[in-house]
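Listed here are the chains, written in short residue letters.
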Amino acid sequence: MKITTEKIQYEEDGPVAYVTLNRPDSHNALTMEMIRGLRKALTGADENESVRAIIVTGAGNEAFCAGGDLKNTMPEIDENEGEGDIMFRRETITTPLIAAVNGYCIAGGMEFLQATDIRIAEANAEFGLQEPRWGLSPRGGSHVRLPRQIPYCHAMEFLLTGELFPAEHAKEVGLVNYVVPDGKSLERAEEIARSIVENSPFAVKKIKETVLRAENLATEEAHQLERDIGETVYDHPEATEGLRAFEEQRTPEFASEWTPSRGGE
């Protein structure tokens, strides 16, 4: 299935959904229309049981996302909608999110990146939270999430300086998983997605759910949550099939056959 709007492209290829920010002439800067479209695309993919992984990227070869369009987005942001919207709240999306960062990843773009699970950056990518340069502060979760995802001192350097940092630095501090040659981020994202969709769909969703729900719990509560959700996984028919396949030395039947159609283009 393929759904295309002017500024957000959504396409399903078997068990993988592709979401593309499609405003390359403006470095894929987000308008409110795009924020709403991105929210719709991500939640729609997450609610579709046939979708097992979501890849997000930017159109063109210069930018993943340069953040909010300050001329068009700022006047429309209110307490109920904006860069703190559901599109940035990763705990609402239980399907694995993979980011293919193909250029600038700035401000709201970097905040959205923090809502993804696995991140691939092309060598030309640059990362930064430039809001303080314009008298603003990040509103998409960076004050909370970034110091939890990378070492505190590096998080504060991003937050306080407004500087842009190269892809290799982002990898060194743990913001991204891999740096690949320019033009290869989508291909690497598909390789990772293929590994994910070969696994038990129920187990994958529950693993992500456990991690996100446990994130803000006290240690003992988090362990109890893991035990509780783990019981539902072990009691699921896919666990029965997986253990039987292991004993019989064969591939479990829940695995999805998928040949990527975009990264090799």
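Values in this document were obtained by computation on a predicted structure and should not be read as measured data. (Residues numbered from 1 in each chain as written. Predicted model: local features only at pLDDT ≥ 70, side-chain atom pairs only at ≥ 80, totals over all residues. Heavy atoms only, no water.)

(A) Examining the overall build of the chain more closely. For the chain, the helix and strand inventory stands at nine helices and 11 strands. Residues classed as buried in the chain amount to 49% of the 265 residues present. Across the chain, contacts joining residues at least 24 apart in sequence account for 70% of those joining residues at least 6 apart. On the chain, roughly 13,300 Å² of surface is accessible, and the fraction owed to carbon and sulfur atoms is 49%. (Helix = DSSP H or I, 4+ residues; strand = E, 2+ residues; numbered from the N terminus. Buried < 20%, exposed > 50% of the residue type's maximum accessible area, 1.4 Å probe, protein only. Contact = heavy atoms within 4.5 Å. Areas by Shrake-Rupley, 256 points an atom, 1.4 Å probe, with all protein chains shown as cover.)

(B) Representation of helix 1 (residues 32–47). When the terminal C-alpha atoms of helix 1 are compared, their 22 Å separation across 16 residues agrees well with the 22 Å that a helix rising 1.5 Å per residue should span. All buried positions along helix 1 are accounted for by Met32, Met34, Ile35, Leu38, Ala41, Leu42, Ala45 and Asp46. The inward-facing, buried residues of helix 1 abut strand 2 (8–13), strand 3 (16–21), strand 4 (53–58), strand 6 (97–101), helix 2 (108–113) and helix 7 (201–214). (Expected span 1.5 Å × (residues − 1).)

(C) Spotlight on the pairing of strand 4. Summarising burial for strand 4: six of the six residues are buried, a large majority. Going residue by residue along strand 4, you find Ala53, Ile55 and Thr57 tucked away on one face and Ile54, Val56 and Gly58 tucked away on the opposite face as well. Looking at chain direction, strand 3 and strand 4 are connected through six bridges and run parallel. The residue of strand 4 that forms the bridge with Ala17 is Ile54. Crossover handedness for the path strand 3 to helix 1 to strand 4: right-handed. (Pairing = 2+ DSSP bridges. Right-handed = clockwise from strand over helix to strand, strands pointing away.)

(D) How the structure looks around a nonpolar patch on the surface. Taken together, the side chains of Leu70, Trp134 and Leu136 define a hydrophobic patch exposed on the protein surface, amounting to about 320 Å² of accessible area. As for its placement among the helices and strands, Trp134 is situated in the loop between strand 9 (126–128) and helix 3 (142–149). On the basis of relative accessible area, Trp134 is assigned to the exposed category, the value being 60%. (Patch = residues over 30% accessible without salt bridge, like charges linked within 9 Å, V, L, I, M, F, W, Y side chains within 5 Å. Salt bridge = Lys/Arg side-chain N within 4 Å of Asp/Glu carboxyl O.)

(E) Main features of the packing of aromatic side chains. Tallied over the entire structure, the rule returns two aromatic pairs. Ring centres 6.4 Å apart and planes at 15° place the aromatic pair Phe64 and Phe112 in the stacked group. Within this pair, whereas Phe64 is found in strand 5 (residues 63–65), its partner Phe112 is found in helix 2, the two being separated by 48 residues in sequence. Its relative accessible area of 0% is what places Phe64 among the buried residues. Residue Phe112 is classed as buried on the basis of its relative accessible area of 2%. We note Arg188 situated over the ring of Tyr178; from NZ or CZ to the ring centre the distance is 4.4 Å. (Phe/Tyr/Trp six-rings, centres within 6.5 Å; stacked < 30°, edge-to-face > 60°. Lys NZ or Arg CZ within 6 Å of the ring centre and 35° of its normal.)

(F) Summary view of the environment of Ile98. Of note, Ile98 is situated in strand 6. Here the alpha-carbon distance between Ile98 and Leu186, two residues 88 residues apart in the chain, equals 9.5 Å. The residues touching Ile98, leaving out its near neighbours within four places in the chain, are Ile54, Ile55, Val56, Ile118, Ile120, Ala189, Ile192, Ala193 and Ile196.

(G) The arrangement of the environment of Val16 in detail. Turning to its location among the elements, Val16 is positioned in strand 3. The exposure class of Val16 is buried, given its relative accessible area of 0%. Distance from Val16 to Ala193, taken between C-alpha atoms, is 7.3 Å for residues 177 residues apart in sequence. Those residues in contact with Val16 that lie beyond four places of it in its chain are Glu11, Ala53, Ile55, Ala193, Val197 and Trp258.

(H) Main features of the sheet that holds strand 9. Strand order in the open sheet made by the four strands is 5-7-9-10, with mixed pairing throughout. Here the strands that pair on one side only, and so sit at the sheet edges, are strand 5 and strand 10 (165–166). Sheet topology note: the strand 7 (residues 104–106)/strand 9 ladder contains three bridges and is parallel. Pairing of Cys105 across the sheet is with Phe127, part of strand 9.

(I) The arrangement of the environment of Cys105 in detail. As for its placement among the helices and strands, Cys105 is situated in strand 7. In this structure Cys105 comes out as buried when scored by relative accessible area, which is 0%. Placed 62 residues apart in sequence, Cys105 and Ala167 show a C-alpha to C-alpha distance of 9.8 Å. Cys105 has contacts with Phe64, Cys65, Met110, Leu113, Glu126, Phe127 and Gly128, leaving out every residue within four places of it along the chain.

(J) View of the packing of helix 3 against helix 4 (residues 152–161). Where helix 3 contacts helix 4, the two axes come as close as 7 Å, and the packing angle between them is 140°. Between helix 3 and helix 4 the crossing geometry is right-handed. Residue-level contacts link Ser142, Leu146 and Pro147 of helix 3 to Tyr152, Ala155, Phe158 and Leu159 of helix 4. Taken together, the residues that form the contact of helix 3 with helix 4 break down as six nonpolar, one polar and no charged. (Axes fitted to C-alpha atoms, helices over the stretch in contact; angles between N-to-C directions. Left-handed = near helix turned anticlockwise from the far one by under 90°. Nonpolar A, V, L, I, M, F, W, Y, C, P; charged D, E, K, R; others polar.)

Purely geometric stuff here, so don't read any function into it on its own.
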